[in-house]
Amino acid sequence: MSRGHAVVIGDDFSLGSKENIERYISSEFDDVVKADLSTTVGVERLFNFCVNKYGRIDEIWHLAANSDIPAGVTNPKVDLERTFHTTFSLLGACNNFGVGVFNFASSSAVYGDWGDVPLTESLGPLTPISNYGAMKLASEAQICAAFESFLTDATIFRFPNVVGTPATHGVIFDFIRKLQKSPDRLDVLGNGTQQKSYLHVDDLVDAMIYVSNRSGEDSNTRPTIINIGNNDCGVSVKTIADLVRKRCAPDAKINFGSSSHGWVGDVPRFSYDTSLLSSLGWRPSLSSVLSVEKAIDQISDEFTKHLD
Ligand SMILES: NC(=O)c1ccc[n+]([C@@H]2O[C@H](COP(=O)([O-])OP(=O)(O)OC[C@H]3O[C@@H](n4cnc5c(N)ncnc54)[C@H](O)[C@@H]3O)[C@@H](O)[C@H]2O)c1
């Protein structure tokens, strides 16, 4: 929007909320269409709204998904519908409405568990270990097929763990919520040794726009697939627990579990290779640990405001 584009948001508000959007944009902004984007009917309602109001759609930024990975472990249909069917339906509508540009929020979860092997975009075969990762990978495959057929430009952004506000889920959100309920104890899923790369959402958006501004510079025969993130050694869950405790409840006792995984489908550590992104000239403004610290401040402030 700050670059002068008209932006229309489609969301069914199953996980997000209109309030989350309203705090970042003016209250007069009414280009929000409540629609289930896993269905043809829902997607066509969104596309018709855009075409009726603005005459055309230039590009799709597809971020709708099931962001609750453990929920998809309990019921894999959640990932099928919210993560894959949304991609499938949006691509179908792009074909029908003549939209050629598609940007997709994928995830490091498509790689699976490779331990210390650097996760580069060319690594394969990809072996996701969660339903969430499987449906993101299936979405990527569907986008590749659409690129061969009718898309003119497609970018698949593989996100790391993203932190910031407004938070609806994630390790920092969970820890702060737990400490609000019981300020004397913090139960951690897993033994705290899980170590991952984190990126602040402000850096993430900056990177996506940076990459998208460059798209079209090379004549691509395939969609652009790019890891977005920090290439430092990441932050351990134990460090995050310590930082959240220090900020929110210094007297709390931290109780770690015994498993090296937080839950089924959790990739306990990964080494994210972001050299492709660096080669384009983009650098994050915050390291993994600084991203986590900033998000802890922001999310705990939000919780405090909610209590007032
Ligand atoms: N947060 C992370 O660490 C992270 C990491 C990797 C990838 N991603 C991806 O980034 C994107 C945004 O994630 P987020 O963390 O902001 O989560 P989020 O839950 O805040 O955003 C996902 C949105 O999709 C909407 N949605 C779900 N199913 C829908 C449907 N059928 N129709 C319409 N809307 C639907 C939800 O209501 C929600 O607002 C997602 O695609 C997610 O998979 C996030």
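Since the model is a prediction, treat every value here as computed from it, not as a measurement.

Quick notes on the rules
Residues numbered from 1 in each chain as written. Predicted model: local features only at pLDDT ≥ 70, side-chain atom pairs only at ≥ 80, totals over all residues. Heavy atoms only, no water. Buried < 20%, exposed > 50% of the residue type's maximum accessible area, 1.4 Å probe, protein only. Helix = DSSP H or I, 4+ residues; strand = E, 2+ residues; numbered from the N terminus. Arc of directions from axis to C-beta. Salt bridge = Lys/Arg side-chain N within 4 Å of Asp/Glu carboxyl O. Near = heavy atom within 4 Å. Polar contact = N/O pair within 3.5 Å; in protein donor to acceptor, adjacent residues only side chain to side chain. Areas by Shrake-Rupley, 256 points an atom, 1.4 Å probe, with all protein chains shown as cover. Axes fitted to C-alpha atoms, helices over the stretch in contact; angles between N-to-C directions. Parallel < 35°, antiparallel > 145°, perpendicular 65-115°, else oblique. Left-handed = near helix turned anticlockwise from the far one by under 90°. Contact = heavy atoms within 4.5 Å. Nonpolar A, V, L, I, M, F, W, Y, C, P; charged D, E, K, R; others polar.

**Student:** Any chance you could break down helix α6 (residues 171-181) for me, citing the residues and the numbers?
**Tutor:** Every buried residue belonging to α6 is among I172, F173, F175, I176 and L179, and all of these are buried. All buried residues of α6 project into a common sector of 165 degrees when viewed along the axis, lining one side.

**Student:** Before we move on, could you go through the pattern of salt bridges and cite the residues and values that matter?
**Tutor:** Under the defined criterion, the tally for this structure stands at twelve salt bridges. We note a salt bridge from D31 to K53, for which the minimum N-O separation is 2.7 Å. Here D31, found in the loop between α1 (18-22) and β2 (32-34), pairs with K53, found in helix α2 (residues 40-54); they are 22 residues apart in sequence, far enough to count as distant. Under the relative-accessibility criterion, K53 is labelled partly exposed at 43%. Residues joined by salt bridges that share partners form a network here, namely D30, D31 and K53.

**Student:** Just give me the short version of the site of the ligand, but keep the residues and values in it.
**Tutor:** Around the ligand there are 27 residues in total, and D11, L63, S67, Y132 and V162 lie nearest to it. Within the side chain of Y132, a nitrogen or oxygen atom sits 2.6 Å from an oxygen atom of the ligand. At a separation of 2.9 Å, an oxygen atom of the ligand approaches a polar side-chain atom of H169. For the ligand, the protein covers 86% of the area, taking 820 Å² as the surface of the free molecule.

**Student:** Pulling in residues and values, what's your account of the packing of α2 against helix α4 (residues 77-97)?
**Tutor:** Two elements in contact, α2 and α4, have axes separated by 9 Å at closest approach and are oriented at 45 degrees. Considering the angle they form, α2 stands oblique to α4. The interaxial crossing formed by α2 with α4 has right-handed handedness. Residues T40, V43, E44, F47, N48 and V51 of α2 pack against S89, L90, A93, C94, N96 and F97 of α4. For the contact of α2 with α4, the per-class residue count stands at seven nonpolar, four polar and one charged.

These figures come from the coordinates and say nothing about function on their own.
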